[in-house]
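If you want the building blocks of each chain, they are given just below.
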Amino acid sequence: MLKTIEDLKQIKNKFLEKNNEKIQIKVSMATCGITAGADSIYEYFKDEIDRINNNKIVLISTGCMGLCHSEPTIEVTLPGQKPEIYGNVDVKKAENIFKDILYKKVKESDIIISSKQKKIVLRNCGFMDPENIDDAISKDAYFALNKVLTNMSQEEVINEIKKSGLRGRGGGGFPTGLKWEFAYKNKANKKYVVCNADEGDPGAFMDRSVLEGDPHSVLEAMAICGYAIGSDEGIIYIRAEYPLAIERLKIAIKQAEDYGLLGENIFGTNFKFKITLKYGAGAFVCGEETALIHSMEGKRGEPTLKPPFPAEAGYWEKPTNVNNVETYANITAIINKGSDWFRSIGTEKSPGTKVFALAGKVKNVGLIEVPMGTTLRDVIFDIGGGIVGNKAFKAVQTGGPSGGCLTKNELDTPIDFDTLKEQGSMMGSGGMIVMDENDCMVAVAKFYLGFTVDESCGKCTPCRIGNKRLYEILEKITDGKGTLNDLDLLKDLSNTIKRASLCGLGKTAPNPVLSTLDKFYDEYEAHVKDKKCPATVCTNLIKFTITDKCIGCTMCAKVCPTDAILGRVKEKHYIYQERCIKCGSCYNACRFNAIKKA
Amino acid sequence: MKCTNQVKDSCFRELKDFIDSLETKKGELITVLHKAQEIFGYLPVEVQEFVSEELNIPLSEVYGVISFYSFFTTTPKGEHPISVCMGTACYVNGSEKILDELKRELGIKVGETTQDGKFSLDVLRCVGACGMAPVMLIGKKTYGRVTADEVKNILKEYK
């Protein structure tokens, strides 16, 4: 049981002493790393270290470094030298690296991390063993908790968070300190601290990475929040689809309890705090506070009107503070380094950093963290390395299904909560999907609408019926049956749904439609007037034909699943349009560029 | 995995033990349904009735919760459940083509199970491995950067 700051320091020093003289090999073992084969790399190193029986080498499985484009990644540190990071490691590369390690000389990193990144939330992700609390303490975990419990009053903690200007990273951007203050001021015999780890946005995975890579940062922040608002119980509402994050959280909670960092009389004070897990079951709307609370109570996750806000009547009608994972991950850094330090990063109205899940048609797909105010151009072309295959950049979709698209005209926009809104999009949880010339914006809008139609809880009519009708109109357009009238109707209906829906899901559901209509009207026009899909995505509007380049290799006919291609060997082939299901197999199979898609 | 897709007495006993071990039954319906689905593999009406009685919650409410959440299913899954991620990153990188290929190879639609009970096909929204898009899962194994051409070979591993 740890009682004082000295106990923490002792663990930290012992851990650092033990490890600093050793060779450290860290393998990124988050969900994405394992998907790419990191487990076999880990096994390889483990076997080799066992074989040579060298106790000077430690092998550590860590969370995600954010370098998805180069998974599996490893980091090697020789005593007294700076760490080197290697990407795309296969067993052969691992063999070479291991040989180098034995000769105590490793080659320079083959991965360069852009200097435009600044890591606060992800400071430890990928660099520590999430299943070892000593490692976390060596990186200053639980020092902030000690500081608030022994040196700060509840009001002082809340004021520090208020002064930092931290805004909720779940998407809304509501000032965190203010939220804490509301919960603090509502007197009750029981209060709750809730962590929203539902992360339902398709294309966003920062919460998963934090929970898999640095779970203690979230536990500690929840305890600090508990102290500040006067609560003794925290609950993490987490997606059941994140089994690894769940497992690591369970381990972290157990370890913190064993050390007395959670439980009764923490650091010898009167403060007690426990944390339990509740599982989500797949419902996007549960990201909304009131819906989330209903789901925690074992009910359908339907939202209710605010007020009352959760800070007044939340979980079991008690005052409840709900923040998401990324918001909590900022808290300990703010307490340790002060609100002035935090304010010095980012923009005036949106201090700090933001984690983005950069995905889609960008070269360096991954999890990045940049100061607020960084431009889209820096994110996509510097950190992201530009567009795959050097194709033309078309748009970037931010904010998930509730967000909108930004085009090349907005590339120099400094990103923060307010500027994104001004440009017709939003921050959301930080998904950033890059699209190139081959993406059809009408189809993208339809994709997001399909998502919201699936995920609407059905409680209010504008959302339940309105979005379904929006989807049907979009389907009509992509099928080539749309008219110019439909475009006006889309706009009209979208605005009505936005105005009349009950919760955030409905109020924002039409955003992808409005934003693409606004910025890519010509593409919609092409679909309804010329019955053409310029990006050749909408299958009903494209046609495959075989040109004179065909040498009659028969490859296309072989792969065609409906036998729509006829022709003799060494003679030009022909596609029967009536039979063609437009699957594109022939187009992909042809090695002579003889098939035209238009 | 003795209980998967089977409704056995011993499975009900296991579920009852779990319910009895809970500190409180208040608000634990979703927790219990998670456990039940883990034990049985799906949530047939017999299991729903059992949960309804044990927790003293009307059957209609139990069903209402099951039908609300996409994680819960009332149809048995195949021996190797396949899920294709349809998150945005996977979508723009071509997960629809993979789904089409799977439908063709298995001869079933989304939500169905093959007649021999080997495979079932589902879509899900974002496993959070967007860097590896497009992604599909077979059981607990994740396949990243899948192309439609590879689908046939991946399925062979399970036949």
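Residues numbered from 1 in each chain as written. Chains lettered and ligands numbered in written order. Predicted model: local features only at pLDDT ≥ 70, side-chain atom pairs only at ≥ 80, totals over all residues. Heavy atoms only, no water.

### A word on the sheet that holds strand E10 (residues 366-371) of chain A
Residues and elements named next belong to chain A.
Working step 1: In space, the five strands of this open sheet follow the order E10-E9-E13-E11-E12, with mixed pairing throughout. Two strands in the sheet have a free side with no partner beyond their single neighbour: E10 and strand E12 (404-407). Taken pair by pair, the neighbouring strands of this sheet meet at an average axis angle of 30°, ignoring direction.
Working step 2: The pairing of strand E9 (residues 353-360) with E10 spans six bridges and is classified as antiparallel. Bridge pairing in E10 places Val-355 opposite Glu-369. (Pairing = 2+ DSSP bridges. Helix = DSSP H or I, 4+ residues; strand = E, 2+ residues; numbered from the N terminus. Axes fitted to C-alpha atoms, helices over the stretch in contact; angles between N-to-C directions.)

### Section: the interface of chain A and chain B
Working step 1: Taken together, the contact pairs 52 residues of chain A with 36 residues of chain B.
Working step 2: For the pair chain A and chain B, the summed buried surface comes to about 3400 Å²; carbon and sulfur atoms form 60% of the total.
Working step 3: For Arg-125 of chain B, the salt bridge identified is with Asp-454 of chain A, shortest N-O distance 3.1 Å.
Working step 4: Between chain A and chain B we count 15 residue pairs in polar contact (both at pLDDT 80 or more) in total.
Working step 5: Contributing elements (two or more residues each) for the side of chain A that touches chain B: helix H2 (31-35), strand E7 (274-279), helix H12 (289-296), E9, strand E13 (431-436) and helix H17 (441-455) of chain A.
Working step 6: Looking at the side of chain A that touches chain B, the element that brings in the most residues is H17 of chain A, giving seven residues.
Working step 7: Of the residues assigned to the side of chain A that touches chain B, the class counts are 27 nonpolar, 11 polar and 14 charged. (Contact = heavy atoms within 4.5 Å. Buried area = accessible area lost by both parts, 1.4 Å probe. Salt bridge = Lys/Arg side-chain N within 4 Å of Asp/Glu carboxyl O. Polar contact = N/O pair within 3.5 Å; in protein donor to acceptor, adjacent residues only side chain to side chain. Nonpolar A, V, L, I, M, F, W, Y, C, P; charged D, E, K, R; others polar.)

### Topic: the sheet that holds strand E1 (residues 23-28) of chain A
Residue and element names in this part refer to chain A.
Working step 1: The strand order across the open sheet formed by four strands is E2-E1-E3-E4, and the pairing between neighbours is mixed. Edge strands, defined here as strands with exactly one partner in the open sheet, are strand E2 (57-62) and strand E4 (84-86). On average, adjacent strands in this sheet sit at an angle of 20° to one another, irrespective of strand direction.
Working step 2: Pairing geometry for E1 and strand E3 (residues 74-77), over four bridges, is antiparallel. For Ile-25, the partnering residue across the bridge sits in E3 and is Val-76.

### Digging into the domain arrangement of chain A
All names here are of chain A.
Working step 1: For chain A, the assigned domains are domain 1 (18-102), domain 2 (133-343), domain 3 (353-436), domain 4 (441-530) and domain 5 (543-597).
Working step 2: Between the C-alpha centres of domain 1 and domain 3 the distance comes to 31 Å.
Working step 3: In this complex, domain 1 contributes four residues to the contact, which on the side of domain 3 involves five residues.
Working step 4: Of all residues in domain 1, the largest losses of buried area upon contact with domain 3 belong to Gly-66, Cys-68 and His-69, amounting jointly to 91% of the total for that side.
Working step 5: Our count for the contact surface shared by domain 1 and domain 3 stands at zero salt bridges.
Working step 6: Between the two partners, domain 1 and domain 3, sit three residue pairs in polar contact (both at pLDDT 80 or more).
Working step 7: When the residues that make up the side of domain 1 that touches domain 3 are grouped by side-chain class, the tally is two nonpolar, two polar and no charged. (Domains from an automatic or database assignment.)

### Describing the packing of aromatic side chains
Working step 1: Evaluation of the coordinates by the stated rule reveals 19 aromatic pairs over all chains.
Working step 2: Each ring, one from Phe-271 of chain A and one from Phe-273 of chain A, has its centre 5.9 Å from the other, and the planes form 15°; the classification is stacked.
Working step 3: Residue Phe-271 of chain A is classed as buried on the basis of its relative accessible area, which comes to 11%.
Working step 4: Given a relative accessible area of 1%, Phe-273 of chain A falls into the buried group.
Working step 5: Among the aromatic residues, those joined into a ring-pair cluster are Phe-68, Tyr-69, Phe-71 and Phe-72 of chain B.
Working step 6: Arg-239 of chain A extends its terminal NZ or CZ atom over the ring of Tyr-242 of chain A, reaching a point 5.0 Å from the ring centre.
Working step 7: Here Lys-26 of chain B stacks its cationic end above the ring of Trp-316 of chain A, 4.0 Å away from the centre of that ring. (Phe/Tyr/Trp six-rings, centres within 6.5 Å; stacked < 30°, edge-to-face > 60°. Buried < 20%, exposed > 50% of the residue type's maximum accessible area, 1.4 Å probe, protein only. Lys NZ or Arg CZ within 6 Å of the ring centre and 35° of its normal.)

### Focus on the environment of Leu-541 of chain A
Residues and elements named next belong to chain A.
Working step 1: Mapped onto the fold, Leu-541 is located in the loop between helix H22 (521-528) and strand E14 (544-546).
Working step 2: Measuring from C-alpha to C-alpha, the distance between Leu-541 and Ile-477 comes to 9.8 Å, with 64 residues separating the pair along the chain.
Working step 3: Beyond its immediate sequence surroundings of up to four residues, Leu-541 is in contact with Ile-477, Thr-478, Asp-479, Gly-480, His-527, Lys-531, Lys-532, Cys-533 and Ala-598.

### Observations concerning unusual backbone geometry
Residue and element names in this part refer to chain A.
Working step 1: For the bond from Glu-71 to Pro-72, the omega torsion is -10°, close enough to zero to count as cis.
Working step 2: Tracing the sequence through the fold places Pro-72 in the loop between E2 and E3.
Working step 3: The backbone of Asn-53 shows a phi angle near 50°, a positive value even though the residue is not glycine.
Working step 4: One can find Asn-53 in the loop between helix H3 (38-52) and E2.
Working step 5: Unusually for a residue other than glycine, Asp-140 sits at a positive phi of about 75°.
Working step 6: Relative to the assigned elements, Asp-140 resides in the loop between helix H5 (133-138) and helix H6 (143-151).

### Examining the state of the cysteines
Residue and element names in this part refer to chain A.
Working step 1: For the structure shown, the criterion picks out zero disulfides over all chains.
Working step 2: Cys-440 takes part in no disulfide bond, and the closest cysteine sulfur to it belongs to Cys-533, at a distance of 3.8 Å.
Working step 3: Free cysteine: Cys-583, not disulfide-bonded; nearest cysteine sulfur from Cys-560 at 6.2 Å. (Disulfide = S-S within 2.5 Å.)

### As for the UniProt feature "binding site: [2Fe-2S] cluster" (unreviewed entry) in chain B
Working step 1: According to UniProt, the positions carrying the feature "binding site: [2Fe-2S] cluster" (unreviewed entry) are Cys-85, Cys-90, Cys-126 and Cys-130 of chain B. For the residues just named, distributed over 46 residues, the greatest C-alpha separation is only 9.5 Å, placing them together at one site.
Working step 2: Summarising the element assignment, Cys-90 of chain B is placed in helix H5 (residues 88-92).
Working step 3: When sequence neighbours within four positions are dropped, the list of residues in contact with Cys-90 of chain B reads Cys-85, Ser-95, Ala-133, Pro-134 and Val-135 of chain B.
Working step 4: Its location among the elements puts Cys-126 of chain B in the loop between strand E2 (119-124) and strand E3 (136-138).
Working step 5: Not counting chain neighbours up to four residues away, the residues in contact with Cys-126 of chain B comprise Asp-201, Pro-202, Gly-203, Ala-204 and Arg-239 of chain A together with Cys-85 and Gly-87 of chain B. (UniProt positions renumbered as here; feature names shortened; annotations may be inferred.)

### Quick look at the nonpolar core
All names here are of chain A.
Working step 1: Ranked by internal contacts, the top residues of the largest apolar core, which has 143 residues, are Tyr-142, Trp-180, Ile-236, Leu-490 and Tyr-524.
Working step 2: Ignoring any residue separated from it by four or fewer positions in sequence, one finds Tyr-142 in contact with Leu-8, Ile-133, Ile-137, His-216, Leu-219, Glu-220, Ala-256, Leu-261 and Phe-267.
Working step 3: Among the nonpolar cores identified, the runner-up in size contains 46 residues, and Ala-291, Ile-293, Cys-460 and Cys-463 belong to it. (Core = buried A, V, L, I, M, F, W, Y, C linked by side-chain atoms within 4.5 Å.)

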